[in-house]
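Close look at the chain arrangement
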Amino acid sequence: MDTVSVSQPPITPAIPGRNDSSDSSRSSQTSTEKVKLTSPLHTSSSKHSSKHRKNHDSHFSVDRSVSPKRWKTFIKAFKHIHNLTPKEVDDFMASYEIYNLDWANEDEMVKAFGPNYQQRVGDCLRAYYSVLNHLCSLGDVEKMYIPPLMDKKASVLDNQLLYEESIAKDIGLKPGMKVLDLGCGRGRVAAHMTSVSGVQVTGLNIDANQIAQAKEWNERCGFNNEFVVHDQNDLPLPFPDESFDAFYEIQALSLCKDPAASFKEIYRVLKPGAKFSLLDWVSLPPYNPEDPEHAGLMRRVKPLIGAVGTPTPAGFEKALMDAGFTVTKSDNPSIDGLQAPLIDKVDIYFRSVRRVIHGLVRLRALPPHFKILIDRLCLDGQAFVQMDNMRLITTTYRIIAEKPSV
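What you see is a predicted model, and the numbers here were worked out from it, not measured in a lab.

This paragraph deals with empty space enclosed by the protein. Tallied over the entire structure, the rule returns four cavities of 30 Å³ or more. Taken as a whole, the largest cavity holds about 920 Å³ of empty space. Taken together, 49 residues form the lining of the largest cavity, with Leu132, Met144, Tyr145, Gln251 and Ile305 sitting closest to its centre. The element that contributes the greatest number of residues to the lining of the largest cavity is helix H4 (residues 117-136), accounting for five residues. When the residues that make up the lining of the largest cavity are grouped by side-chain class, the tally is 29 nonpolar, 12 polar and eight charged.

Encoded structure:
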């Protein structure tokens, strides 16, 4: 195996999470470290020209040419949530039952859901994401992921854009390449990849509603990207051998039943020399499942982040190498190895939204299910912050790998 670059931050004492009244801007006061990323890949196959716009402090440049207008997205999501049926709300709340279990314990999965438990999990995931994607769109996590902390003074959205542009660099995206996006969501990341690099993206997602939104958004942007409804656990993938020049996924493998089998399939559909980018949730070496505090926090956080499995960096690396990949980078790209400042910003924002929704429900200006859904979304955000600060888990572990050239 080639040399692997592994960067693991030292263990430090936990940093207490802030309460509701904290000023989220404080997360930027402890460091002036910046990540500068003005991509030389910036070109586009779109009929629209792409433009870089600098943020308020001019320390970095991100491509916002395909970023949605937040207020329009908010209103659209708000209307969708308002019009949910009682069954859709009930199915969403019931879907959380899968996060009390783990893919690794098949006996428990069979006991809870029967021998066809994978179908039950798939049904739960469809119910979960059909509502969650709209709840997330009420804030800056429309893409349904909190990114690595690339710049402490930047917004969550700008940190997303910065990280996505780093993916394009890591996997060598060039105009005309065909790229596979696993767990593509509403197609916003795919649109950004096309905007900055001129590639054609094929996105997979289990939720038909998100796929429809992805198609609509990318068509509006003038991009020739494709989106397919498909459960990542339904193998083989619906593509011929050696179909793609590169692959990326962002926090999609938390729902993957068998990463080893999935990596073999991805290896099959990639061309020789193609690069692979993973950004996902893992438990880190300090996590001890026998520690009552650690285990208690994990039980609270897994439903919040939508994790069925409990992978580790070493497990991912082994599965990739067993599939035939060469791992070239394995690290946590967040500044100081901590994602907590961004998690905290998102948590504070949504708890502020929750207070407004509670008031409107009391005034009967909103239907009661708004309160049920926002309460579920906001549950245990500070446990997530605590686990990240204790370096027990991260949802932003990065691995770059490559399929050897023939």
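Now for the side chain of His358. Tracing the backbone shows His358 in helix H11 (residues 340-362). Using a relative accessible area of 19% as the deciding quantity, one classes His358 as buried. The contact partners of His358, leaving out residues within four places of it in the chain, are Lys371, Ile374 and Asp375.

Turning next to the packing of helix H9 (residues 292-305) against helix H13 (residues 381-389). At their nearest, the axes of H9 and H13 sit 9 Å apart, and the two run at 120° to each other. Between H9 and H13, the angle is such that the two are oblique. Note that H9 runs across H13; the crossing there is left-handed. Contacts from Glu293, His294, Leu297, Met298, Arg300, Val301, Leu304 and Ile305 of H9 reach H13 at Gly381, Ala383, Phe384, Gln386 and Met387. Residue composition of the contact of H9 with H13, grouped by class: eight nonpolar, three polar and two charged.

Here we come to the pattern of salt bridges. Evaluated as defined, the whole model comprises 19 salt bridges. A salt bridge links Glu97 to Arg120; its shortest N-O distance comes to 2.3 Å. With Glu97 in the loop between helix H2 (86-94) and helix H3 (106-113) and Arg120 in helix H4, this residue pair connects regions lying 23 residues apart in the sequence. Classification of Arg120 by relative accessible area gives partly exposed; the value is 32%. A salt bridge links Arg398 to Asp331, with the shortest nitrogen-to-oxygen separation between them at 2.8 Å. Taken together, the residues span a long stretch of sequence, with Arg398 in strand S10 (residues 393-402) and Asp331 in strand S9 (residues 326-331) at a distance of 67 residues. Overall, Arg398 belongs to the buried group, its relative accessible area being 10%. The class of Asp331 is buried, set by a relative accessible area of 10%. One network of salt bridges, with partners in common, ties together Asp170, Lys329, Asp331 and Arg398.

Let us now look at the environment of Arg120. Considered as a pair, Arg120 and Ile98 are 22 residues apart in the sequence and their alpha carbons are 8.8 Å apart. Apart from the residues lying within four places of it in its own chain, the contact partners of Arg120 are Glu97 and Phe113.

We now examine the packing of helix H8 (residues 259-269) against helix H10 (residues 313-323). Interhelical geometry of H8 versus H10 gives an angle of 40° and a closest axis separation of 8 Å. With respect to H10, the element H8 is oriented oblique. Between H8 and H10 lies a crossing of right-handed hand. Across the interface between the two elements, Pro259, Ala260, Phe263, Lys264 and Tyr267 from H8 touch Phe316, Ala319, Leu320 and Ala323 from H10.

Below, the discussion takes up the packing of aromatic side chains. Summed over all chains, the structure comprises 15 aromatic pairs. Relative to Tyr99, the ring of Tyr96 has its centre 6.0 Å away and its plane inclined at 70°; by these criteria the two rings are edge-to-face. Grouped by ring-pair contacts, the aromatic residues Phe247, Phe263, Tyr267, Phe276, Phe316 and Phe325 constitute a single cluster. Seen from the ring of Tyr96, Arg376 lies directly overhead, with NZ or CZ sitting 4.1 Å from the centre.

Take H10 next. In an α-helix there are 3.6 residues to a turn, and that puts residues three or four apart on one side. Taken together, the buried positions of H10 are occupied by Pro313, Phe316, Glu317, Ala319, Leu320 and Ala323. Projection of H10 onto a plane perpendicular to its axis shows the buried side chains occupying an angular sector of 165°, all on one side. In the core, the buried residues of H10 are packed alongside H8, strand S8 (270-283), S9 and S10. Downstream of H10 by a residue or two, Gly324 has a phi angle that is positive, lying close to 115°.

In this fold, Phe263 is placed in helix H8. Taking the C-alpha atoms as reference, Phe263 lies 6.1 Å from Leu320; in sequence the two are 57 residues apart. Not counting chain neighbours up to four residues away, the residues in contact with Phe263 comprise Leu253, Phe276, Leu278, Phe316, Ala319, Leu320, Ala323 and Phe325.

Quick notes on the rules
Residues numbered from 1 in each chain as written. Predicted model: local features only at pLDDT ≥ 70, side-chain atom pairs only at ≥ 80, totals over all residues. Heavy atoms only, no water. 1 Å grid on protein atoms, 1.4 Å probe; cavity = no way out; pocket = protein on both sides within 12 Å on 5 of 7 lines; lining within 4 Å. Points joined across faces, edges and corners; volume = space filled by probe spheres on them. Helix = DSSP H or I, 4+ residues; strand = E, 2+ residues; numbered from the N terminus. Nonpolar A, V, L, I, M, F, W, Y, C, P; charged D, E, K, R; others polar. Buried < 20%, exposed > 50% of the residue type's maximum accessible area, 1.4 Å probe, protein only. Contact = heavy atoms within 4.5 Å. Axes fitted to C-alpha atoms, helices over the stretch in contact; angles between N-to-C directions. Parallel < 35°, antiparallel > 145°, perpendicular 65-115°, else oblique. Left-handed = near helix turned anticlockwise from the far one by under 90°. Salt bridge = Lys/Arg side-chain N within 4 Å of Asp/Glu carboxyl O. Phe/Tyr/Trp six-rings, centres within 6.5 Å; stacked < 30°, edge-to-face > 60°. Lys NZ or Arg CZ within 6 Å of the ring centre and 35° of its normal. Arc of directions from axis to C-beta.

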